[in-house]
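# Close look at the chain arrangement
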Amino acid sequence: MRTLADAGEQTRDADGVRRGRTWAWLGELEVPDGLSENERVVEHDRVGRLAVRLAVDKTLCIGDSRSVRALHQGAVMEGSWGDEVRIVDTATAARDLVREQPDWRPTAPDVILVAAATSEIAALLDELATDLALPVRDRAPADGAPPDGPPPNETQDAT
């Protein structure tokens, strides 16, 4: 998430105005083994709160689990207001939101972080990147090694 905030800062122009927005598309996230359901929920709540603290412009929570609801609730409770955070039940609903709501449609040079324990949300990014002509960079390798940071003005997908 901090990498997303840093990448957003790299979209500043010569006058210091940030040209791109930052987006977090989040589903249910991997958590350390051995955590109870309540502990997993608390971890997701923390991620939602972190998105607000790092001034992520748009946070889209995707899924219908208790953990994903905690992501959304954490962002709301931390102070996200208006149309900065949304929750939808499925990747299909997320796709429809992005296609139908201009305020929820990323454009270049926006930076998008995609994170989820399943590939469904990454597939959504692939589909929408094609539809919206967005470049996708820095996909996390299958071996779990961290990707290199994004160059300025590029869309980031870090699953």
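Within any chain, residue numbers begin from 1 and follow the written order of that chain's sequence. Only residues with pLDDT of 70 or above have their local features reported here, since the model is predicted, and side-chain atom pairs are shown and tallied only from 80 upward, although totals for entire chains, interfaces and linings are computed over all residues. For the side-chain quantities, the full set of heavy atoms in the structure was used; hydrogens and water were omitted.

## Quick look at the packing of helix α4 (residues 91-100) against helix α5 (residues 120-132)
How we decide: Axis angles are defined between N-to-C directions and span 0 to 180 degrees, where every axis is a line fitted to C-alpha atoms and, for a helix, only to the segment in contact. Starting at the N terminus, helices and strands are each numbered in turn, a helix being any DSSP run of H or I of at least four residues and a strand any DSSP run of E of at least two. The cut-offs work like this: below 35 degrees is roughly parallel, past 145 is roughly antiparallel, 65 to 115 is roughly perpendicular, and the gaps in between are oblique. Helix crossings are classified by the rotation of the near helix relative to the far one: an anticlockwise turn of less than a right angle makes the crossing left-handed, while a clockwise turn makes it right-handed. By the convention used here, residues are in contact when the closest approach between their heavy atoms is within 4.5 Å.
Their axes nearest at 10 Å, the elements α4 and α5 cross at an angle of 25°. When the axes of α4 and α5 are compared, the pair comes out roughly parallel. Crossing of α4 against α5: the hand is right-handed. Side by side, α4 and α5 meet where A91, A94, R95, V98 and R99 of the first sit next to E120, L124, E127, L128, D131 and L132 of the second.

## Description of the confidence of the model for the chain
Just so we agree on the cut-off: Think of pLDDT as the predictor's per-residue confidence, scored from 0 to 100.
Residues at a pLDDT of 70 or more form 86% of the chain, whose mean pLDDT is 85. Segment residues 141-159: pLDDT under 50, and 53 contacts once partners within four positions in sequence are set aside and those in other chains are kept.

## As for the pairing of strand β2 (residues 58-62)
This is how it is decided: Only protein chains enter the accessibility calculation, which uses a 1.4 Å probe. A residue is then buried if its area is under 20% of the maximum for its type, exposed if over 50%, and partly exposed in between. Pairing between strands requires that DSSP locate at least two bridges from one strand to the other. By convention a crossover is right-handed if, when the strands point away from the viewer, the path from the first strand over the helix to the second runs clockwise.
For β2, a buried count of five out of five residues is recorded, marking the element as mostly surrounded by other parts of the structure. Here β2 shows a buried face lined by K58, L60 and I62 and a second buried face lined by T59 and C61. Sheet analysis places strand β1 (residues 22-26) next to β2, joined by four bridges and oriented parallel. The residue bridging W23 from the neighbouring strand is K58, located in β2. Handedness of the crossover joining β1 and β2 through helix α2 (residues 37-53) is recorded here as right-handed. The pairing of β2 with strand β3 (residues 85-88) spans four bridges and is parallel. In the strand pairing of β3, T59 is matched with V85. In this region the chain leaves β2, passes through helix α3 (residues 66-78) and returns to the parallel neighbour β3; the handedness of that crossover is right-handed.

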